[in-house]
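Observations on the model geometry
This is what each chain is made of:
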Amino acid sequence: MEYNFRDIEQKWQKTWAAEKTYHVEIDEQKNKFYVLNMFPYPSGAGLHVGHPLGYIASDIYARYKRQCGYNVLNPMGYDAYGLPAEQYAIQTGQHPAVTTETNIKRYREQLDKIGFSFDWDREVRTCDPKYYHWTQWAFEQMFNHFYCKKCEKAQPISKLIKKFETEGSACTAHLAQSEELHFTADEWKQMSEVEKQQVLMNYRIAYLGETMVNWCPKLGTVLANDEVVDGVSERGGYPVVQKKMKQWCLRVSAYAQRLLDGLDKIDWTDSLKETQRNWIGRSEGTEMQFSVKDSDVKFTIFTTRADTIFGVTFMVLAPESELVQQLTTEAQKAEVNAYLDATKKRTERERIADRRVTGVFTGAYAINPFTGDEIPVWVSDYVLAGYGTGAIMAVPAHDSRDYAFARHFDLPIVPLIEGADVSEESFDAKEGTVMNSPADGKQTLNGFTLNGLSVKEAIAATKKFVTENNLGRVKVNFRLRDAIFSRQRYWGEPFPVYYKDGMPQMVPEACLPLELPEVTKFLPTETGEPPLGNATRWAWDTEANCVTDNSRIDNKTVFPLELSTMPGFAGSSAYYLRYMDPANDTALVGKQADEYWQNVDLYIGGSEHATGHLIYSRFWDKFLFDLGVSCKDEPFQKLVNQGMIQGRSNFVYRIKDTNTFVSLGLKDQYDTTPIHVDVNIVHNDVLDVEAFKQWRPEYATAEFVLEDGKYVCGWAIEKMSKSMYNVVNPDMIVEKYGADTLRLYEMFLGPINQSKPWDSNGIDGCFRFLRKTWNLFYPKNGEWAVTDAEPTKENLKTLHKLIKKVSEDIEVFSYNTSIPAFMIAVGELAQQKCTSRAVLEQVVALLAPFAPHIAEELWHTLGHTTTVCDAEWPKYDEQYLKEDTQTLSISFNGKTRFTLDFPADATKEAIQEAALTSEQAQKHLEGKQVVKVIVVPGRIVNIVVK
Ligand code: ANZ
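Rules behind the numbers
- Residues numbered from 1 in each chain as written.
- Predicted model: local features only at pLDDT ≥ 70, side-chain atom pairs only at ≥ 80, totals over all residues.
- Heavy atoms only, no water.
- Salt bridge = Lys/Arg side-chain N within 4 Å of Asp/Glu carboxyl O.
- Helix = DSSP H or I, 4+ residues; strand = E, 2+ residues; numbered from the N terminus.
- Buried < 20%, exposed > 50% of the residue type's maximum accessible area, 1.4 Å probe, protein only.
- Pairing = 2+ DSSP bridges.
- Axes fitted to C-alpha atoms, helices over the stretch in contact; angles between N-to-C directions.
- 1 Å grid on protein atoms, 1.4 Å probe; cavity = no way out; pocket = protein on both sides within 12 Å on 5 of 7 lines; lining within 4 Å.
- Points joined across faces, edges and corners; volume = space filled by probe spheres on them.
- Nonpolar A, V, L, I, M, F, W, Y, C, P; charged D, E, K, R; others polar.
- Contact = heavy atoms within 4.5 Å.
- Near = heavy atom within 4 Å.
- Polar contact = N/O pair within 3.5 Å; in protein donor to acceptor, adjacent residues only side chain to side chain.
- Areas by Shrake-Rupley, 256 points an atom, 1.4 Å probe, with all protein chains shown as cover.
- Arc of directions from axis to C-beta.

1. What about the pattern of salt bridges?
Here the structure, examined in full by the defined rule, presents 42 salt bridges. A salt bridge links D59 to R743; the nearest nitrogen and oxygen atoms lie 2.8 Å apart. Here the residue D59 occupies a position in helix 2 (residues 52-67), and R743 occupies one in helix 22 (residues 739-748), the gap between them amounting to 684 residues. Residues D59 and R743 agree in their burial class; the two are buried.

Structure representation (structure tokens):
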């Protein structure tokens, strides 16, 4: 029988689906293993060969673990909310739900052809109300909890209300909060309902906060930093301004320390952990209070170098700081306001990246709490509003940005050590510090000095002094910000929120999900409200507990619903939990499912999610852990980043001003222009000339200058993209070579974590290998040849070498090295004319994770009636790998003369004896006396003679 991959693959895909081979349930008798892929956004373009790379890698591992006896969960779903579908809706009027559905169908068809072991019964779609029910539920929980930093845990807000009733704000010192508030229990009791709600908002984990956002008035929406380029929107080029807006936020920052500590407990790459550590950005420093001359105002700065207090020559406020208005003198008002207007146009990212020096003097002076010196207070956008306190003490002799500022505005630069060099040359711009020595020879009015201390000691001494004298406090700051959680978009999860007296109220939990309403237009309304403002039925009836017509809004029992929707990361934050128990309609995940599946053992996905999804879902999981919903406080135990598959583009060379194309080797003889040609009509860099003529009408009459009767194309490695015609569709490969070849080839391309170009040229090799494997079973005239013959020693050696190599490789995801090992083994077995069932059966079991279709077919032909997915993973036995003989070189006085074979386990004495008495040795020994024989088993025998 021939290797007919088409029939085989279709047959088994159908059987697997019909028999639910990949369906998995809790099985207390077995250990679990949870494999997860980052679920795809189903885009209109479908999958290209780069997409399945990670899925194949995880599928191999999932299948391997199953064969090792684990109960493996390997689910798949769709991250189905998102911008492209909404943009498409705006352009064409096509409802995003419709395009999303179409795209999902196409993805599913493509995925099905590759033979993944996904349990499709567990599929989730983030846009499905049954799914986002639990996204909304989690949001409500976050709204109803605050974070206590002392117990490092989320707590119900009802607990806080009780505390306020008895102690006022005394208990808030250890809480994660937007702003420090002070009130007594009595004051709390006197507050109106709205005032109380305002106070509580300060502590909620999901809260409405005033944040600076990139606002694009023309598009009517907030934009993410990477959607803004040079102050205008990336799409459309409309002006973007910095605007303070009320937005839903998640208090991710409350979890900063836990997010940092958790990294030590998980098996991720060092580089990914480092990226997260930097993103979290823990910084230990001091908050110090400065008073203002001729004013009651006091303000606080954050510094990591408290010891540099003697070198402060000016102070700087962030333009957004409320202090700017409070401190600016009449005389400076106009200048300051003009500056504030100018900086509004710049995004925070531009401000960090840009080293242009700008700023303005407020007219006010602060008092140095150590020396009593008067220091001018400036405003500049190099100080960021959202970090520390949004105000700094500037030490130009020690900090590069302060230095540049001082130079620009001609402010004094005072070194900590009298007379030290503060010239431009002395500045180590990279380090950002002129010198790292603490102040010497300076002291406060009351005699505090830092003389003779190291920097570290000086910082500690200053901190102590500051704390003891009530000048400030020690403070740990994190760079990690709270996440802005609202989007002015249509195609996202609606917030389960309505507004009463201007304050948000949660839709009762029992009424969830709150379904996304229909709208006639997907654009913002004429009055600038988000697209949900176009819905006519988007009000909440608090009596009937249901959505109702906007016309019924009376703000007594019927209230307007929230118009923003949730961002992309909402639906992807807890999806791994939902897969454990996808049909549960009373909980996100039931106790039993959660306790059995625990968390993801192996997560495979792109490294571009390092600071987005992978921070948000860790945060989300920790919150659910606090609630007792998730039993593990880290969602993803091991994480592997797969590399990108780049495109391998092909070129043809058109002779200028003609329709004639010249082959690569001859192109230098002409004046030519390279043109991208569709890689799908090029095979091994040879152009299919007829297909080329049909490719484009303008090439129908093309002529060719060939070399050796062929048209050879040029090539280059580029991003895989439609515009470069280098997109390879996996369907085509499956059609031509089969899914098993595609799977093998994707893994054969190189190490999973590296980026590498797709190069169809090598694919034949993988196909030939599978055919050769097939031929082991059907060697002569396609006749089944497997026998019950005892395996030979050689057979077993080949087999066990393969078991060892493949088992070790899989454990470290080194699939690209397993495949050559298979090729070698199959070659050897063919040479040995091995027909032994005992050997061949095990080869099939080893191959099953990589090429499941051919393996399943052979497995059944071998007489099995259950799936190869449950074939026990072969165990390797060291004894078969032992060599029977060893070949040693025999030298005389250090000169190698010949080699001899010895039994592998021969003793030194036996080797010596055999070497000396061997026939070849006699002529070298003739007339000589043996002085010494040195035997190194496995290496050499040296006979010293004289
Ligand atoms: C005085 C000083 C002297 C500083 C010196 C540094 C070096 P990290 O480590 O990142 O936490 N800073 C504080 N708040 C800021 C803000 N909102 N925008 C911009 N810069 C800010 O950095 C903390 C240091 O960055 C602080 O310590 C402060 O400058 C500055 F030789 O204070 B330093």
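Read on for the rest.
2. Brief notes about the sheet that holds strand 20 (residues 539-541)
Overall, antiparallel pairing links the 3 strands, which are arranged 21-20-22 in an open sheet. Edge positions in the sheet fall to strand 21 (546-548) and strand 22 (558-560), since each of these pairs with one other strand and no more. Between one strand and the next, the sheet's axes are offset by a mean angle of 40°, whatever the strand orientation. Note: strand 20 against strand 22, 3 bridges, orientation antiparallel. Its bridge partner lying in strand 22, W540 is registered against F559.

3. Brief notes about the pairing of strand 12 (residues 314-317)
Every second residue of strand 12 is oriented toward a common face, with F314 and V316 on one face and M315 and L317 on the other, all of them buried. As paired elements, strand 12 and strand 15 (residues 391-394) share 4 bridges and run antiparallel to each other. By the bridge assignment for strand 15, L317 is matched with A391. Looking at chain direction, strand 12 and strand 14 (residues 374-379) are connected through 3 bridges and run parallel. Pairing of M315 across the sheet is with V377, part of strand 14.

4. Quick notes on the pairing of strand 5 (residues 206-216)
Burial analysis of strand 5 places 9 of its 11 residues in the buried class, which makes it a mostly covered element. Relative to strand 9 (residues 241-250), strand 5 runs antiparallel, the two sharing 10 bridges. Counterpart to N214 in the pairing with strand 9 is Q242. Taken together, the 3 bridges between strand 5 and strand 6 (residues 221-223) define a ladder with antiparallel strand orientation. Paired with C216 across the two strands is T221, which belongs to strand 6. The loop that links strand 5 with its antiparallel partner strand 6 comprises 4 residues; one of these, G220, has a positive phi angle of about 65°.

5. Description of the layout of surface pockets
If you add up the space inside the second largest pocket, you get close to 380 Å³. Lining the second largest pocket are 18 residues, and of these M245, K246, P530, E562 and S564 lie nearest its centre. It is strand 9 that contributes the most residues to the lining of the second largest pocket, 5 residues altogether. Tallied by class, the residues present in the lining of the second largest pocket amount to 8 nonpolar, 6 polar and 4 charged.

6. Quick look at the environment of L250
Mapped onto the fold, L250 is located in strand 9. Residues L250 and A185, 65 residues apart in the sequence, show an inter-C-alpha distance of 27 Å. Sequence-distant contacts of L250, defined by excluding residues within four places in its chain, comprise M142, I205, A206, Y207, D482, A483, F485, F569, F619 and W620.

7. Here's the deal with unusual backbone geometry
Residues L512 and P513 are joined by a peptide bond in cis, for which omega reads 0°. Along the polypeptide, P513 turns up in the loop between strand 19 (503-506) and strand 20. Despite not being glycine, N470 shows a phi value in the positive range, around 55°. By secondary structure assignment, the location of N470 is in the loop between helix 15 (455-468) and strand 16 (472-478).

8. Regarding the site of the ligand
Around the ligand, a shell composed of 17 residues is seen, among which S283, T303, L384, Y387 and R479 lie nearest. Contacts to the ligand include S283, whose side-chain N or O atom sits 2.6 Å from an oxygen atom. Side-chain polar atom of T303 to an oxygen atom of the ligand: 2.7 Å apart, as the coordinates give it. With the chains in place, 82% of the 640 Å² that the ligand exposes on its own is no longer accessible.

9. Quick notes on helix 6 (residues 157-167)
Of all the positions in helix 6, only I157, L160 and F164 are classed as buried. Taken end-on, helix 6 shows its buried residues confined to a sector of 50°, consistent with a single buried face. Counted as exposed and oriented over 90 degrees from the buried face of helix 6: K162 and T166. Of the surrounding elements, those touching the buried residues of helix 6 are strand 3 (145-148), strand 4 (153-156), helix 7 (185-190) and helix 8 (193-201). The first or second residue beyond helix 6 is G168, which carries a positive phi of 65°.

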